[in-house]
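Structural overview
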Amino acid sequence: MPVRHLVLVLGDQLDLDASAFDDFDPELDAVWMAEAAEESTHVWSSKQRIAIFLSAMRHFAQALRKAGRPLHYSQMEDVSTPGKEESLAAKLRADLAALNPQRVVMTAPGDWRVLQQLKNVIEAAGLTLEICEDRHFFTTVHDFAAHAKGRKSLRLEYFYRELRRRHGVLMQDDQPAGGQWNFDADNRESFGAKGPGLLPPRATFKPDALTREVVALVNTRFAQHPGTLDSFAWPVTREHALEALQRFIEERLPLFGRYEDALWPGEPWLYHSHLSSALNLKLLTAREVVQAAEAAYNRGHAPLQSAEGFIRQILGWREYVRGIYWTQMPSYVERNALDAQQDLPGWFWTGKTDMACLRDAITQTLEHGYAHHIQRLMVTGLYALLLGVRPQQVHGWYLAVYVDAVEWVELPNTLGMSQYGDGGLMASKPYVATGKYIQRMGGPCKGCRYDPAQREGENACPYTTLYWDFLMRHQPLLSKNARMALQVKNVDRMTDDQRQAVVQRADAIRRGEVGAAP
Ligand SMILES: Cc1cc2nc3c(=O)[nH]c(=O)nc-3n(C[C@H](O)[C@H](O)[C@H](O)COP(=O)(O)OP(=O)(O)OC[C@H]3O[C@@H](n4cnc5c(N)ncnc54)[C@H](O)[C@@H]3O)c2cc1C
Ligand code: SF4
């Protein structure tokens, strides 16, 4: 019997309750999933990122079969076959011809590129595509567009407050719990000289037979891709994800807020949740994560500064960047407001740099596919911004290396928030700082061959040199920004000799004479 509805499930839509299944009838309908090599090669994906997607997809296929939903699953082979097309579009084209469904149904995809590809194939096959709203999120793209209408710049705060009110999250009647919307000022502590002390162990999930199979496949087929899989321990099923959520709430949430912005050498996990990949794969819903944090506050387990700080990331930032992505694409990806044209240094793919903070952040990224927000924004992102790397190259790197990297969330964070490529649509100013900021937040400056306090000379921290170079290069633009004016004024206090020394050293850094490990 021909298939009535063919329900497409992408690698980041692994939810049995997704809206595309609302009308699912196992007697008439079927599910379609495909592993496509192109999804791992259109950016040079790290082994951790490829493995988490493939393993989570194969586990989800098991869950679908267990739920009695007929499934057409196309598995990737260990080696590529020359001439065989391995894109999602090609696989779908072939399967539509074979299955001849009456209609194709899917939950709205997160990625603009994938949506266009699939739409084209389905249209060419003369079929109708029904796209269902993704109710994983609190808001729809239309809600965001309505909020954004008529605003010159978009700021998180008002959108977030609207959502707190609308969904009654951390509210007492119509007022925010604790009388304040925002506890950011309390959430900027570093660990001090003694460091973080004993940290709770991270929730890890020992690879089962299915994951081991995927690890072997990735190590063979994607052997040249960055990173390693020796430590692969991410949640890849709904059960794992629920356990990871519970462990975070019990063990880390109480100190999440206080140390949200802190760094510490050799400590990748700190008090963060490590839930982004489970959320983005849709193994967890945003609502259940927010509810769990709110409940922990209500029962007195976590202070308000932590619960609010954490909820702001999910109910606030995560929804907000999705709105930015879908209202600004496809032109957003091309934006380059600062006209940055430098290439990304090659050592971003290996960690072979003599700058201790970058070595730490990149090495751990390649080992685990993870870095916390301040490492992404104020270590790797800040360096690329100060150096003047083309935002599209920075975007390619972030999309490739993290286990949680999907374009709708990665692109606005990278191009908008971190690189100021959208000229201030998302961030009110470029996030720039010297090496002293990294030192203050607990960075490894003590063990580094550079000195964050020095701007010029052989031992000058490259961040510090490049910060002053950045202010000089963009002085006319930045002095028009009220939030940058004070910082930029300091350039006027520099002598000509000092300026020249900064420019010379910055040029040497750009030529690659400084920064690469010997
Ligand atoms: C340059 C850059 C690139 C980034 N790329 C991604 C990406 O590809 N995928 C991704 O999920 N996040 C991305 N982020 C946001 C953030 O850094 C990660 O979500 C976070 O580090 C994941 O670790 P965690 O789960 O321990 O987060 P926690 O610190 O525990 O935060 C809790 C949750 O809040 C959400 N969140 C936190 N910050 C943000 C944010 N700025 N935007 C959207 N959601 C947020 C995540 O779902 C996260 O799991 C990026 C940030 C920057 C600066
Ligand atoms: S001195 Fe500069 S390069 Fe070295 S760890 Fe500190 S901030 Fe990083």
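Above this text is the structure in question.
Throughout what follows, the structure given in this document is the object of discussion.

A separate point is the overall build of the protein chain. The secondary structure content of the protein chain amounts to 21 helices and seven strands. On C-alpha atoms alone, the protein chain measures out to a radius of gyration of 24 Å, which is about the 24 Å that the 2.2 N^0.38 rule sets for 518 residues. Each principal axis of the C-alpha atoms in the protein chain carries an extent, and together these give about 80 × 60 × 50 Å. Partitioning the intrachain contacts of the protein chain with sequence separation of at least 6 by distance along the chain shows that 77% fall at a separation of at least 24. Of the accessible surface of the protein chain, which amounts to about 21600 Å², a share of 49% is contributed by carbon and sulfur atoms. Charge separation in the protein chain, taken as the distance between the mean sites of 58 positive and 62 negative side-chain charges, equals 4 Å.

For the rest of this paragraph, the subject is the sheet that holds strand β3 (residues 71-74). Taken together, five strands build an open sheet; the order of strands is β3-β2-β1-β4-β5 and the sheet is parallel. Of all strands in the sheet, those with a lone pairing partner are β3 and β5 (129-132), marking the two edges. The average undirected angle you get between the axes of adjacent strands in this sheet is 25°. As paired strands, strand β1 (residues 5-8) and strand β2 (residues 30-34) are joined by three bridges and run parallel to one another. Along β2, the bridge assignment pairs Leu8 with Trp32. Of the strands in this sheet, β1, β2, β3 and β4 (103-107) touch helix α3 (residues 88-99), which is tilted by about 150° from β2. Contacts from helix α4 (residues 112-124) reach β1, β4 and β5 within the one sheet, and its direction differs from that of β5 by about 150°.

Residue position: Asp261 is located in the loop between α9 (253-256) and α10 (276-281). At 4.3 Å, Arg188 is the nearest oppositely charged side chain to Asp261, a buried residue that forms no salt bridge. Among all residues touching Asp261, those that are not within four sequence positions of it are Asn187, Arg188, Ile374 and Met441.

Moving on to the site of ligand 1. Residues in close proximity to ligand 1 total 30 residues, the closest being His272, Ser273, His274, Asn280 and Tyr370. His272 is positioned with one of its side-chain polar atoms (N or O) 2.8 Å from an oxygen atom of ligand 1. Protein burial of ligand 1: of its 820 Å² of free accessible surface, 99% is covered by the chains. Where the shell around ligand 1 is concerned, the elements lending two or more residues are α10, α12 (304-328), α14 (373-387) and α16 (407-418).

Right, let's get into empty space enclosed by the protein. For the structure shown, the criterion picks out five cavities of 30 Å³ or more. Approximately 410 Å³ is the volume attributed to the largest cavity. If you go around the largest cavity, you meet 26 residues; those closest to its centre are Gly11, Asp12, Glu39, Arg49 and Phe53. At the level of secondary structure, the elements contributing two or more residues to the lining of the largest cavity comprise α1 (38-41), α2 (47-66) and α4. For the lining of the largest cavity, the element with the most residues is α2, which contributes five residues. Taken together, the residues that form the lining of the largest cavity break down as 15 nonpolar, four polar and seven charged.

The full set of residues close to ligand 2 is Met355, Cys357, Gly435, Ile438, Cys445, Cys448, Tyr450, Pro452, Cys461 and Tyr463. The residue inventory of the shell around ligand 2, partitioned by class, reads nine nonpolar, one polar and no charged.

Take the layout of surface pockets next. Its boundaries defined by the atoms lining it, the second largest pocket holds a volume of some 360 Å³. Lining the second largest pocket we find 18 residues, and of these Leu16, Phe60, Ala63, Arg238 and Glu239 sit closest to its centre. No other element matches α2, which puts six residues into the lining of the second largest pocket. Its residues assigned to classes, the lining of the second largest pocket shows eight nonpolar, four polar and six charged.

A few words on unusual backbone geometry. In most cases, non-glycine residues show a negative phi, while peptide bonds are predominantly trans. Cis peptide bonds are those with omega within 30 degrees of zero, and the linkage from Met329 to Pro330 qualifies with 10°. Among the secondary structure elements, Pro330 is positioned in the loop between α12 and α13 (356-368). The phi torsion at Leu170 lies on the positive side, around 50°, for a residue other than glycine. Checked against the element boundaries, Leu170 lands in the loop between α6 (156-167) and β6 (171-172). The class of Leu170 is buried, set by a relative accessible area of 2%.

This paragraph deals with the pattern of salt bridges. Summed over the entire model, instances satisfying the criterion amount to 25 salt bridges. Glu86 is the salt-bridge partner of Arg221, the closest N and O atoms lying 2.8 Å from each other. Taken together, the residues span a long stretch of sequence, with Arg221 in helix α7 (residues 209-221) and Glu86 in the loop between β3 and α3 at a distance of 135 residues. As far as the burial class goes, Arg221 and Glu86 line up, both buried. Taken together, the shared-partner salt bridges connect Glu157, Arg161, Arg164, Glu308 and Arg312 into one network.

Cut-offs applied
- Residues numbered from 1 in each chain as written.
- Chains lettered and ligands numbered in written order.
- Predicted model: local features only at pLDDT ≥ 70, side-chain atom pairs only at ≥ 80, totals over all residues.
- Heavy atoms only, no water.
- Helix = DSSP H or I, 4+ residues; strand = E, 2+ residues; numbered from the N terminus.
- Rg over C-alpha atoms; globule rule 2.2 N^0.38 Å.
- Contact = heavy atoms within 4.5 Å.
- Areas by Shrake-Rupley, 256 points an atom, 1.4 Å probe, with all protein chains shown as cover.
- Lys, Arg positive; Asp, Glu negative; His and termini not counted.
- Charge placed at Lys NZ, Arg CZ, Asp CG, Glu CD.
- Pairing = 2+ DSSP bridges.
- Axes fitted to C-alpha atoms, helices over the stretch in contact; angles between N-to-C directions.
- Buried < 20%, exposed > 50% of the residue type's maximum accessible area, 1.4 Å probe, protein only.
- Salt bridge = Lys/Arg side-chain N within 4 Å of Asp/Glu carboxyl O.
- Near = heavy atom within 4 Å.
- Polar contact = N/O pair within 3.5 Å; in protein donor to acceptor, adjacent residues only side chain to side chain.
- 1 Å grid on protein atoms, 1.4 Å probe; cavity = no way out; pocket = protein on both sides within 12 Å on 5 of 7 lines; lining within 4 Å.
- Points joined across faces, edges and corners; volume = space filled by probe spheres on them.
- Nonpolar A, V, L, I, M, F, W, Y, C, P; charged D, E, K, R; others polar.

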